[in-house]
Amino acid sequence: QVQLAESGGGLVQAGGSLRLSCAASSRTFTNYTVGWFRQAPGKERNLVARISADGDTTFVASSVARRFTISRDNAQNRAYLQMNTLKPDDTAVYYCALGLGFSSRVSYDYWGQGTQVTVSS
């Protein structure tokens, strides 16, 4: 199995940027699709972005597509979420997850503990 650890969250003012990292413990990371999810207080957990195992295919939710970018470095067993022009509505716990499957039909089997992102107005 794979252990995941997110980092890079914190408190930032509106308009600022953060770069979240997801570090995986095993080279099997390279076989998995990576998803970034977020969950705000009282809200459903939603997919923010997804990247295929080889990095060739990405998806970013329309609400953040102009501002967020997902990437991965398979040589380092790591994935990233670059978040720019942050808004208060981006405040949430952000989770990294790994799964198998294609596009939207991914079963996410491994999850990190999450990292808090708070955006002040």
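Above this text is the structure in question.
Here we summarise the structure given alongside this text. (Residues numbered from 1 in each chain as written. Predicted model: local features only at pLDDT ≥ 70, side-chain atom pairs only at ≥ 80, totals over all residues. Heavy atoms only, no water.)

**Some details on the environment of Lys43**
At step 1: Assignment of secondary structure puts Lys43 in the loop between strand S4 (33–39) and strand S5 (46–51).
At step 2: Of the residues examined, Lys43 reaches a relative accessible area of 55% and is grouped as exposed.
At step 3: In sequence terms Lys43 and Ala92 are 49 residues apart; their C-alpha atoms lie 9.4 Å from each other. (Helix = DSSP H or I, 4+ residues; strand = E, 2+ residues; numbered from the N terminus. Buried < 20%, exposed > 50% of the residue type's maximum accessible area, 1.4 Å probe, protein only.)

**Some remarks on the state of the cysteines**
At step 1: Tallied over the full model, the rule gives one disulfide.
At step 2: Disulfide pairing places Cys22 opposite Cys96 at an S-S distance of 2.0 Å. Because the torsion about its S-S bond is -75 degrees, the bridge between Cys22 and Cys96 counts as left-handed. Taken together, the residues span a long stretch of sequence, with Cys22 in strand S3 (residues 18–24) and Cys96 in strand S9 (residues 92–102) at a distance of 74 residues. No difference in accessibility class separates Cys22 from Cys96, as the two residues are buried. (Disulfide = S-S within 2.5 Å.)

**Thoughts on the packing of aromatic side chains**
At step 1: Scanning all chains against the criterion turns up five aromatic pairs.
At step 2: One aromatic cluster is present, formed by Phe37, Tyr95, Tyr108 and Trp111 through successive ring pairs.
At step 3: The positively charged end of Arg45 is found above the aromatic ring belonging to Trp111, 4.3 Å away from the centroid. (Phe/Tyr/Trp six-rings, centres within 6.5 Å; stacked < 30°, edge-to-face > 60°. Lys NZ or Arg CZ within 6 Å of the ring centre and 35° of its normal.)

Without other data, these values stay purely geometric and don't point to any function.
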